[in-house]
Amino acid sequence: LPLAAAAAAAATTGGDAALDAFWMPFTANRQFKKSPRLLAKASGMHYWDADGREILDGCAGLWCVNAGHTRPKIVAAIQAQAAELDFAPTFQMGHPLAFELAGQITRIAPAGMGKVFFTNSGSESVETALKMALAYHRVRGEGQRTRLIGRERGYHGVNFGGISVGGIVANRKMFGAMLAGVDHIRHTHDPARNAFSVGQPAHGADFADDLERLCALHDPSTIAAVIVEPIAGSTGVLIPPQGYLQRLREICDRHGILLIFDEVITGFGRTGQPFAAQTFGVTPDLMTVAKGLTNGAVPMGAVIAKDMIHDAFMDGPEHLIEFFHGYTYSAHPLACAAGLATLQTYAEEGLLTRAQQLQGQLAERLHALRDAPNVIDVRNYGLVGGVELAPRPGEPGKRGFEVFLDCYANGVLIRTTGDTIAMSPPLIIEPAQIDQIVDTVRAALGRVA
Ligand code: PLP
């Protein structure tokens, strides 16, 4: 592997031209390139790095490889599709796999969510859902509903709509004034009342009432939609308090506001049901997905819409385009092939409900970290867990990153967001591997302390 040699050289010389050109996303580029972490191969629950070292994948790549890596059926489907039909436009054209995949997705979606619009990523799904919400009100004669409401600490990808409704300061502050007409409800993180909650926190349904405050402030008839992640992943695994999502739904219904769930992380089995909407018993109007849709093997996202949203557009002359939106690669044949093989794998192996069987063990093992050095909170639901650490004074995020590096050096890939360690393993994980992840984190916490 030439890059492995380059990486070794970089480690000794402090930089190497072979690594120079790739401006890496969400990465401390200069630090990374001094001692790169290069993944060369993957199978099932494991990666192998460029030196052949085995690494247990504790975060399903980036919350996406829910069925485990390089599954033969998915690989074969992509290979066969590449040879059969490499690309087909879906503007005024179509190909059969796109319709088949959309149909299969609606079969596992909440009842009444019968329409699927394809994108290429979570970020694009978010932009699509926001535009759909605005246009939906307009086609129904409520074009004054132009406001979008997000939530503090929300992550909805990196495009302008997504960072506008998102609430992560670092992702916003370099990029100007954002989309106009956006406001945010407060986040649900409440350590004073809910630290170390197992599963859903008991307190905090009332945080949803913050939406009433914004309705009073802006006049609810100007608000198009509210977007939240059912479980906020990228800001440190925040589990919705009991009753919170129900209360958001009620307030939206009362005021004619659409509710969007961003299920890019929670979709496809992470919480023990196909979607968090089903796990928490609240059906949104629009749902954004990506990641697990294709098991991460080919980029693809989608917006899953209630029929009534779609049907509102199906008015006027039939020869006219109803929704002026779409991507060259919407429903790309390779992504559709990967998606169909992925859904088949999930169904055959019972993966969309497997988190139910494993969540007890993950919860028990994770919460036992309560007495480990610097642990100030543990949060979990389904097969997602978060362990929050006290930051090093004046150096937020540094302790978390040190734990990440230590776990990686010891053969386990986890993720840290700030000082919260996040775990979201592939749903094929075995109990002994849950133990291995948590044991490695515990040892790392001891060393980093
Ligand atoms: N929405 C949520 C909730 C996410 O967690 C992410 C990515 O982590 C995105 C949107 C953006 O997805 P992508 O990186 O595929 O654009």
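- In the nomenclature of an unreviewed UniProt entry, the protein is known as Aspartate aminotransferase family protein of Rubrivivax albus.
- In its Sequence similarities (unreviewed entry) section, the UniProt entry covering the protein states "Belongs to the class-III pyridoxal-phosphate-dependent aminotransferase family."
- The UniProt entry for the protein carries the following text under Cofactor (unreviewed entry): "pyridoxal 5'-phosphate".

1. Things to note about the packing of helix 16 (residues 398-409) against helix 17 (residues 431-448)
Step number 1: Relative orientation of the contacting elements helix 16 and helix 17 amounts to 125 degrees, with a least axis distance of 9 Å. Of the possible angle classes, the one that applies to helix 16 and helix 17 is oblique. You can see that helix 16 and helix 17 cross each other, and the crossing is right-handed. Contacts between helix 16 and helix 17 involve Arg 399, Glu 402, Val 403, Asp 406 and Cys 407 on the former and, on the latter, Thr 440, Val 441, Ala 444, Leu 445, Arg 447 and Val 448.

2. Some details on the site of the ligand
Step number 1: Around the ligand there are 14 residues in total, and Ser 121, Gly 122, Ser 123, Gly 157 and Val 264 lie nearest to it.
Step number 2: In terms of residue count, helix 6 (residues 122-139) provides more of the shell around the ligand than any other element does, 3 residues in total.
Step number 3: Across the shell around the ligand, the residue classes break down as 5 nonpolar, 7 polar and 2 charged.

3. Observations concerning the pairing of strand 5 (residues 147-151)
Successive side chains on a regular strand alternate, one facing one side of the sheet and the next facing the other.
Step number 1: Within strand 5, 5 of the 5 residues are buried, which leaves it mostly tucked inside the rest of the structure.
Step number 2: Bridge count for strand 5 against strand 7 (residues 223-228) is 3 bridges, and the pairing is parallel. Paired with Ile 149 across the bridge in strand 7 is Val 226.
Step number 3: Note: strand 5 against strand 6 (residues 182-185), 4 bridges, orientation parallel. Within the sheet, the bridge partner assigned to Gly 150 lies in strand 6 and is His 184.

4. Observations regarding the sheet that holds strand 7
Step number 1: Pairing within the open sheet is mixed, and its 7 strands lie in the order 4-10-9-8-7-5-6. In the strand order of this sheet, the two ends are held by strand 4 (115-119) and strand 6, each with one partner. Averaged over all adjacent pairs, the angle separating strand axes in this sheet is 20 degrees, with direction ignored.
Step number 2: Set on the sheet, helix 5 (residues 96-108) makes contact with strand 4 and strand 10 (301-305); between it and strand 4 the angle comes to about 125 degrees.

5. Focus: the sheet that holds strand 3 (residues 54-57)
Hydrogen bonding along the main chain pairs the strands of a sheet, whether they run parallel or antiparallel.
Step number 1: With respect to topology, 4 strands assemble into an open sheet ordered 1-2-3-13, the strand pairing being mixed. Two strands in the sheet have a free side with no partner beyond their single neighbour: strand 1 (39-43) and strand 13 (412-413).
Step number 2: Direction of pairing for strand 1 relative to strand 2 (residues 46-49): antiparallel, over a ladder of 4 bridges. Across the sheet, Ser 43 pairs through a bridge with His 46, a residue of strand 2.

6. Some remarks on the pairing of strand 12 (residues 384-389)
Step number 1: Where burial is concerned, most of strand 12 is hidden: 6 out of the 6 residues are buried.
Step number 2: Side chains Val 384, Gly 386 and Glu 388 project from strand 12 onto one buried face, and the interleaved Gly 385, Val 387 and Leu 389 project onto a second face that is buried too.
Step number 3: Remark: 2 residues form the turn of the hairpin made by strand 11 (residues 375-381) and strand 12, two consecutive strands paired antiparallel; Gly 382 in that turn has positive phi of roughly 55 degrees.
Step number 4: Pairing geometry for strand 12 and strand 15 (residues 420-423), over 4 bridges, is antiparallel. Within strand 15, the position partnered with Gly 385 by the bridge is Met 423.

7. As for helix 11 (residues 244-255)
Step number 1: End to end, helix 11 covers 17 Å across 12 residues, agreeing with the expected 16 Å (1.5 Å per residue, within 8%).
Step number 2: Residues of helix 11 that are buried sit in contact with helix 10 (210-218), strand 7, strand 8 (258-262) and helix 12 (276-280).
Step number 3: Two residues or fewer after helix 11 comes Gly 256, characterised by a positive phi angle close to 70 degrees.

8. Brief notes about the domain arrangement of the protein
Step number 1: We note that the domain assignment places domain 1 (37-66 + 352-448) and domain 2 (74-349) within the protein.
Step number 2: For domain 1 and domain 2, the distance between their C-alpha centroids amounts to 26 Å.
Step number 3: Taken together, the contact between domain 1 and domain 2 spans 31 residues of the former and 29 residues of the latter.
Step number 4: Elements that contribute at least two residues to the side of domain 1 that touches domain 2 include exactly helix 3 (60-63), helix 15 (354-367), strand 11, strand 12 and strand 15.
Step number 5: Among the elements that take part in the side of domain 1 that touches domain 2, helix 15 stands out by supplying 6 residues, more than any other.
Step number 6: The residue makeup of the side of domain 1 that touches domain 2, split by class, is 12 nonpolar, 14 polar and 5 charged.

9. Here we look at the environment of His 310
Step number 1: Within the element layout of this structure, His 310 appears in helix 13 (residues 307-313).
Step number 2: It is 9.2 Å that separates the C-alpha atoms of His 310 and Val 116, two residues lying 194 residues apart in sequence.
Step number 3: The residues contacting His 310, other than those within four sequence positions of it, are Lys 115 and Ala 305.

10. Some details on helix 17
Side chains of residues three or four places apart in an α-helix project in the same direction, reflecting 3.6 residues per turn.
Step number 1: The end-to-end C-alpha distance of helix 17 is 26 Å, a good match for the 26 Å that 18 residues give at a rise of 1.5 Å each.
Step number 2: Where helix 17 is concerned, the buried positions are Gln 433, Ile 434, Ile 437, Val 438, Thr 440, Val 441, Ala 444, Leu 445 and Val 448. Buried residues of helix 17, viewed axially, fall in a sector of 155 degrees; they line one side. For helix 17, the exposed residues lying more than 90 degrees away from the buried face are Pro 431, Ala 432 and Gly 446.

11. A few points about unusual backbone geometry
Only a minority of non-glycine residues have a phi that is not negative, and only a minority of peptide bonds are not trans.
Step number 1: Even without being glycine, Thr 70 reaches a positive phi, approximately 45 degrees.
Step number 2: For Thr 70, the position within the fold is in the loop between helix 3 and helix 4 (72-84).
Step number 3: Its identity is not glycine, yet Asn 295 carries a phi of approximately 60 degrees, on the positive side.
Step number 4: Inspection of the secondary structure assignment puts Asn 295 in the loop between strand 9 (286-289) and strand 10.
Step number 5: Note on Asn 295: 28 C-beta atoms within 10 Å, which makes it buried.

About the thresholds
Residues numbered from 1 in each chain as written. Predicted model: local features only at pLDDT ≥ 70, side-chain atom pairs only at ≥ 80, totals over all residues. UniProt positions renumbered as here; feature names shortened; annotations may be inferred. Axes fitted to C-alpha atoms, helices over the stretch in contact; angles between N-to-C directions. Helix = DSSP H or I, 4+ residues; strand = E, 2+ residues; numbered from the N terminus. Parallel < 35°, antiparallel > 145°, perpendicular 65-115°, else oblique. Left-handed = near helix turned anticlockwise from the far one by under 90°. Contact = placed C-beta atoms within 7 Å. Near = placed C-beta within 6 Å. Nonpolar A, V, L, I, M, F, W, Y, C, P; charged D, E, K, R; others polar. Buried ≥ 20, exposed ≤ 12 C-beta atoms within 10 Å, placed from the backbone. Pairing = 2+ DSSP bridges. Expected span 1.5 Å × (residues − 1). Domains from an automatic or database assignment. Arc of directions from axis to C-beta.

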